[in-house]
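# Results of the structural survey
Letter by letter, the chains look like this.
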Amino acid sequence: MATHDATVAFPNTGEETLGVANGKLGMWTFLVMDAMTFAGFLAGYARLRWSAGSNWPMPLETFGPVGIQLTALNTFILICSSVSIVHVLAEQMRGNMVAARKWMAVTVVGGLIFLGIQGFEWTHLILDVFPGVVSNGLNPNFVGTFLGLTGFHGLHVSVGVIYNLILYLGIRNGKIRSEDTSIIEIAGLYWHFVDLVWILVFTFVYLI
Amino acid sequence: MEIRAKGYLSPLSEKGKHSLLTYLKEWAYSTDAKRIGVMYLIFSIIMGAFGGLLSILIRLELMTAGPNIITDDNFYNALPGMHASAMIFFFIIPCFTGVGNFVIPVQIGAPDMAFPKLNLTAFWILPISALLTFAGFFFNSLPEYGWTAYPPLSTSVYSPIWGADLWVIGIILAGVSSTMAAINFLATVFNMRCRGMTLFQLPLFTWSVVITSFLILAATPVLSSAMIMLLLERVFPMTFHFFSPAGGGDPILYQHLFWFYSHPAVYIMILPGFGIISEVLPTFSRKHLFGYPLMVWSLVAISVLGFLVWAHHMFATGIAVQIRIGFMFLSMLIAIPTGIKIFSWLATIWGGSLRFDTPMLFGLGFLALFPIGGLSGVVVASVPVDIQLHDTYYVVAHIHYVLVAGSVMTIFAGIYYWFPKMTGRLYNEFWGKMHFWLTAIFINVTFFVQHYLGMKGMPRRYYDYDPQFELLNMVSSVGSVVLFAAQFIFVINAVYSAFKGKVAKANTWDDGVHLEWLIPSPPNHHNFEEPPVWDPIIRKHVSDDPAGGLWKQYGE
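Right, let's walk through the structure included here. (Residues numbered from 1 in each chain as written. Chains lettered and ligands numbered in written order. Predicted model: local features only at pLDDT ≥ 70, side-chain atom pairs only at ≥ 80, totals over all residues.)

## Regarding the overall build of chain A
Stated formally: Counting from the N terminus, the helices are DSSP H or I runs at least four residues long and the strands are E runs at least two residues long. Contact between residues is assigned whenever the C-beta positions, reconstructed from backbone atoms, fall within 7 Å.
Counting secondary structure elements, chain A contains 6 helices and 0 strands. Helices (α) and strands (β) of chain A occur, in sequence order from the N terminus, as α-α-α-α-α-α. With the C-alpha coordinates of chain A rotated into their principal frame, the extents come out at 75 × 35 × 20 Å. Contacts in chain A between residues far apart in sequence, at least 24 positions, make up 75% of those at least 6 positions apart.

Here is the structure:
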């Protein structure tokens, strides 16, 4: 029997489709779910911070200008790694798998640098800054929400680094070929999402 | 011993034909959505029996005033929460996931779900999460804060027990499992439909699961974030104070997050049931569903409104009165789309040529009893009335009319309806009807009197009560025991009929029109010999039906 165009492009789908691969649909719906998880945390943050008499510390004073600049740099690095995963897809579509592999390595390293700087920052804050917040009688939820939000996001970055590393190995072993673009595209969706959420977290926790 | 079974039930390998162990292993590792669906159903019915047993313990304790069978009041305090966790997270929600797994790929003409391995993973997370949730039973450390787990009662200061931490982790895992299933259902329905099966040709059960999946996708993660916050606060009490006022936290914040999930969760537990009823009533009325487009849009309306009403569970917490009025208005608004559904079902059976097989009886029983729960919901949605009725047995009666006369009746309608498809054999009709009548009657004996108890002021979840409530509590307890016992008729009937029942034909009820009735009972692996083509049927209204069409034939 005659096959619909979508069935040729994505062999696992039926004849009536939305015209995208199953995996992409799965990733999009997963991201809706994940966005709602972050929304829960952010709503909790907003409620705790912006209620009367919350006695919330000023982020600029607590982190210090240098601390915020360091995190701004970290944000920049994460955005750069989001650009580099676009290059992976672009090179793959051109059929240049060696360049795609190199860009994937750049993406993985970008994620690792982000995690490294965040680890350094956590150590500094926990040892030197947070005890002061609590002893000055300011709202200790500043500490709790900071660790919760950045920690949960850092967990996402860690998962993304492992995810990208697996794809890197897949490209190196020849298991991901130039026609398997949807695999890279789906990973890209996740990685962009992690980036996007970080911009929200950065704005809420550090800037406002 | 030789295992003889047909269709998807048949052993996959030569070894599986002779060894029961191999055969069961083939089930445990199978990614066939039909097998996973049946495993979901078996698991959830076991959990349902467990949850039912807990409720019987509660009712026996409350049979007369004063301590009865339970001497340890701490154990009693844990029972309502454990009963609710078992029924909500491990009985009703997985039951619908199970029916969905079996039916949906077939109804849309697909060979399987979009992500079969994800499907199997989602299932096997559930037993693990059930073990964690109920781990407190094994080493006597049961959380006593009810299923809502409101802080500060649920923080480590007031519930300093291991069982509570494990309960929280178990609930998070159950949420993960159901989101995995939701992602799978959405990808399956949107991407794997056969030719001709456009979105507004989808059977209503499939539609209801799509809408439910959106609800799960948007609501469950908010519960997860609340539970993660609670867990952090419990495990690291020196650092995290999200919900304890002593540390600058806000216990009302928890209630907002919790009910932002748990109100939509009520719809997660009833919408697939609405879908099942929309399958059962047309088949046994030998008519098309009345008002198909409005039935779909009212599902959408219920799910959208369902996200805007959560604070009606919090009227007694002292939130601003303007906010309460807004939530009251929106809550009452839900009665409109629900009313559209009720009246469309009535119009579906109106003038039909009815058959009263067991699934139809459960469908009609639902139609008769569910509105009682729906209407008492409108009563408690009203702010001044709710402040009076809050945390009394009236709320218990309301939620049980919705979930037992609602969800559980639809689950039975669905299981009886598709039982011949699942097993290839017919259940025993006499015992099916017996099960229905005992269930329908004793639901009312058990729960109706609780309305009155609640209005007179009997609080829920308490170990003891004023002796003036003794008579009606006795009625309720006796009813609950008979109701529980009657469910074993179903279990025995199902197990016996699965092996010894009469062989069922493909279109078991003669009048099934959707794709599942066109393939053999039980279906084969991958459902269809070759990709099916769906011949569109009139989904709009009687006037669009050509002369001699199904509407004109039986309607008017």
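That was the structure; now back to the text.
## What to know about the overall build of chain B
Put simply, the rule is: Between the two quantities, the radius of gyration covers C-alpha atoms and the globule rule is 2.2 Å times the number of residues to the power 0.38. Partly exposed residues are those whose C-beta has more than 12 but fewer than 20 other C-beta atoms within 10 Å; with 20 or more the residue is buried, with 12 or fewer it is exposed, and the C-beta atoms are placed from the backbone.
Of regular secondary structure, chain B possesses 16 helices and 0 strands. Here chain B has a C-alpha radius of gyration of 23 Å; the compact-globule value for 556 residues is 24 Å, and the two agree. Once the C-alpha set of chain B is aligned to its principal axes, its extents read approximately 70 × 55 × 45 Å. Considering chain B as a whole, with its 556 residues, one finds that 54% of them fall into the buried category. Within chain B, counting contacts between residues at least 6 apart in sequence, those at least 24 apart form 82% of the total.

## Points about the environment of Phe528 of chain B
Residue and element names in this part refer to chain B. Mapped onto the secondary structure, Phe528 falls in the loop between helix 15 (470-500) and helix 16 (550-554). When the C-alpha positions of Phe528 and Leu515 are compared, they lie 9.8 Å apart, and in sequence the two are 13 residues distant. Setting aside chain neighbours within four positions, we find Phe528 in contact with Gly109, Pro111 and Ile519.

## Some remarks on the interface of chain B and chain A
The line we're drawing: The nonpolar class holds Ala, Val, Leu, Ile, Met, Phe, Trp, Tyr, Cys and Pro. Asp, Glu, Lys and Arg form the charged class, and all remaining residues, Gly among them, are polar.
Between chain B and chain A, the residue contacts involve 36 residues of the former and 31 residues of the latter. When residues of the side of chain B that touches chain A are traced back to their parent elements, those giving at least two are helix 5 (162-191), helix 6 (204-235) and helix 7 (251-285) of chain B. In terms of residues, the side of chain B that touches chain A owes the most to one element, helix 6 of chain B, which gives 9 residues. Here the side of chain B that touches chain A is built from residues that sort into 22 nonpolar, 11 polar and 3 charged.

## Re the packing of helix 8 (residues 292-306) of chain B against helix 10 (residues 335-349) of chain B
All names here are of chain B. Heads up, the condition is: A fitted line through C-alpha atoms represents every axis, and for helices the fit uses only the stretch in contact; the resulting angles, taken between N-to-C directions, go from 0 to 180 degrees. Each angle gets one of four labels, with under 35 degrees taken as roughly parallel, over 145 as roughly antiparallel, 65 to 115 as roughly perpendicular, and the rest as oblique. Helix crossings get a hand from a simple test, with the near helix turned counterclockwise from the far one by less than a right angle marking a left-handed crossing and a clockwise turn marking a right-handed one.
Taken N-terminus to C-terminus, the directions of helix 8 and helix 10 make an angle of 150 degrees; their axes are 8 Å apart at the nearest point. Accordingly, the angle class assigned to the pair helix 8 and helix 10 is roughly antiparallel. Note on packing geometry: the crossing formed by helix 8 with helix 10 is left-handed. Within the contact between the two elements, helix 8 uses Leu294, Met295, Ser298, Ala301 and Ile302 and helix 10 uses Pro337, Thr338, Ile340, Lys341 and Ser344.

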